[in-house]
Amino acid sequence: MSVNTAHEIEILENAIKDHGTVNADGKSSVAYGILFDKTANTLEALNGTLRAAKRQKKVAFDAELLMMPKDKDVQVVLL
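What this report covers is the structure whose coordinates are included nearby. (Residues numbered from 1 in each chain as written. Predicted model: local features only at pLDDT ≥ 70, side-chain atom pairs only at ≥ 80, totals over all residues. Heavy atoms only, no water.)

1. Overview of the overall build of the protein
A tally of helices and strands in the protein yields three helices and four strands. Taken from the N to the C terminus, the helices and strands of the protein come in the order α-β-β-α-α-β-β. Its C-alpha atoms give the protein a radius of gyration of 11 Å, within 12% of the compact-globule value 12 Å for 79 residues. Taking the principal axes of its C-alpha atoms as reference, the protein extends roughly 35 × 25 × 20 Å. Looking at the 79 residues of the protein, the share that counts as buried comes to 35%. (Helix = DSSP H or I, 4+ residues; strand = E, 2+ residues; numbered from the N terminus. Rg over C-alpha atoms; globule rule 2.2 N^0.38 Å. Buried < 20%, exposed > 50% of the residue type's maximum accessible area, 1.4 Å probe, protein only.)

See below:
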């Protein structure tokens, strides 16, 4: 994993914590639409970062690829 990817995943994790809510399992989650809006200026490739974080089992979401606006309500959960 490159240093850049690790840094982008850290930005993603912080954005989920900062803009999300704690679910019944005690894990932070946020709607993809909110995450998309809040990281527009900090993550150039949100979907790439999400896929890398999902492969590393750091986040979970119920889709192969999230797209705006159709997936704006899909929850991205920090594991």
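2. Some words on helix α3 (residues 46–55)
Among the residues of α3, those classed as buried are L46, T49, L50, A52 and A53. Down the axis of α3, the buried side of the element spans an arc of 165°, and every buried residue falls inside it. One or two residues past the end of α3 sits K57, with phi positive at roughly 60°. (Arc of directions from axis to C-beta.)

3. Quick notes on the pattern of salt bridges
Close approach of charged atoms lets side chains of opposite charge pair. Evaluated as defined, the whole model comprises three salt bridges. Between K70 and D71 there is a salt bridge, with its nearest N and O atoms 3.2 Å apart. The exposure class assigned to K70 is exposed, which follows from its relative accessible area of 64%. (Salt bridge = Lys/Arg side-chain N within 4 Å of Asp/Glu carboxyl O.)

4. A short note on the sheet that holds strand β2 (residues 28–31)
On the basis of which strands lie adjacent, the open sheet formed by four strands has the order β1-β2-β4-β3 and antiparallel pairing. Each edge of the open sheet carries a strand with a single partner, namely β1 (21–22) and β3 (59–60). Examined bridge by bridge, β2 and strand β4 (residues 75–78) share three bridges and lie antiparallel to one another. Across the sheet, A31 pairs through a bridge with Q75, a residue of β4. (Pairing = 2+ DSSP bridges.)

5. A closer look at the pairing of β4
Pairing analysis gives two bridges linking β3 to β4, with the strands arranged antiparallel. Pairing of A60 across the sheet is with V77, part of β4.

6. Comments concerning the nonpolar core
Grouped together as the largest cluster of nonpolar side chains are 18 residues, with contacts concentrated most on L12, I16, L35, L50, V59 and V76. Contact partners of L35, with chain neighbours within four places excluded, come to L12, A15, I16, V30, L46, L50 and V76. (Core = buried A, V, L, I, M, F, W, Y, C linked by side-chain atoms within 4.5 Å. Contact = heavy atoms within 4.5 Å.)

7. What about the environment of F61?
Relative to the helices and strands, F61 resides in the loop between β3 and β4. Not counting residues up to four positions away in its chain, the partners in contact with F61 are L50, K54, L66, V74, Q75 and V76.

Everything listed is a geometric property; what it means functionally is a separate question.
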